Amino acid sequence: MNLESACIHSPVGSIEISGSENGIRSILFLDTESEQTPVPTSLQECVNQLIEYFTAKRKTFDLKLDPVGTDFQIIVWKKLQLIPYGKTISYLDLARMTGSETNTRAVGNANGKNKINIVVPCHRVIGSNGKLTGYGGGLWRKEILLKLEMGDRIPGLFAGL
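These figures come from a predicted structure and were not determined experimentally. (Residues numbered from 1 in each chain as written. Predicted model: local features only at pLDDT ≥ 70, side-chain atom pairs only at ≥ 80, totals over all residues. Heavy atoms only, no water.)

Undergrad: Help me understand the nonpolar core in this model?
TA: Soluble, globular proteins show a tendency: their nonpolar side chains are buried together. Core analysis: the largest hydrophobic core is formed by 37 residues, its most contacted members being Ile17, Ile27, Leu50 and Ile118. Broken down by secondary-structure element, the contributors of at least two residues to this core are strand 1 (4–10), strand 2 (13–20), strand 3 (23–29), helix 1 (41–54), helix 2 (71–80), helix 3 (91–97), helix 4 (104–112) and helix 5 (139–149). Top contributing element to this core by residue count: helix 1, with six residues. Not counting residues up to four positions away in its chain, the partners in contact with Leu50 are Ile8, Ile17, Ile27, Phe61, Ile118 and Val119. (Core = buried A, V, L, I, M, F, W, Y, C linked by side-chain atoms within 4.5 Å. Buried < 20%, exposed > 50% of the residue type's maximum accessible area, 1.4 Å probe, protein only. Helix = DSSP H or I, 4+ residues; strand = E, 2+ residues; numbered from the N terminus. Contact = heavy atoms within 4.5 Å.)

Following this line, the structure appears as structure tokens:
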């Protein structure tokens, strides 16, 4: 398996995508604006679907994924994919989806280890009080992604796509 990668520009900054013919391994937000790179064939469909997502033309993803994690993390990441577009759930709700409401801390840790951002929608998990809580990509990105999914038009969000 030969991992390939590409850097693309998005409304929430530069994103690095990596994967192979086995599937997408990661979609990571970069803290600094990076130069866009050529997109290998194995990643092209992912880029196409992300563009559709950012232009409000896609609500679900149909991509082969190749996540790397523990068995428990993989279970949590699969449960994240069940959260509908435009909806949010709490960490407690996510723990219940895994079969135990006492697992909120473990679920939160697994959620934070997700490396396939947007497609595995960890941004849809919020605090029990309804407030936005930690997000590896930055709370400002989480807020934009949730507003996009709620149908809010964000000035300049679709520029350049």
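Structure shown, so let's carry the discussion forward.
Undergrad: Would you mind going over the sheet that holds strand 3 with me for this structure?
TA: Two pairing modes exist for strands in a sheet, parallel and antiparallel, and in both the strands are linked by backbone hydrogen bonds. Read from one edge to the other, the open sheet built from three strands follows the order 1-2-3, with strand pairing classed as antiparallel. The open sheet has two edge strands, strand 1 and strand 3, and neither has a second partner. Taking the axes of each pair of neighbouring strands and ignoring which way they run, one obtains an average angle of 20° across the sheet. In this structure, strand 2 lies alongside strand 3, joined through six bridges in antiparallel fashion. Across the sheet, Glu16 pairs through a bridge with Leu28, a residue of strand 3. (Pairing = 2+ DSSP bridges. Axes fitted to C-alpha atoms, helices over the stretch in contact; angles between N-to-C directions.)

Undergrad: Mind showing me how you'd approach the environment of Asp66 here?
TA: Position of Asp66 among the secondary structure elements: in the loop between helix 1 and helix 2. A sequence separation of 47 residues divides Asp66 from Gly19, and the C-alpha atoms of the two residues are 7.4 Å apart. Setting aside residues no more than four positions away along its own chain, Asp66 makes contact with Met1, Asn22, Gly23, Ile24 and Arg25.

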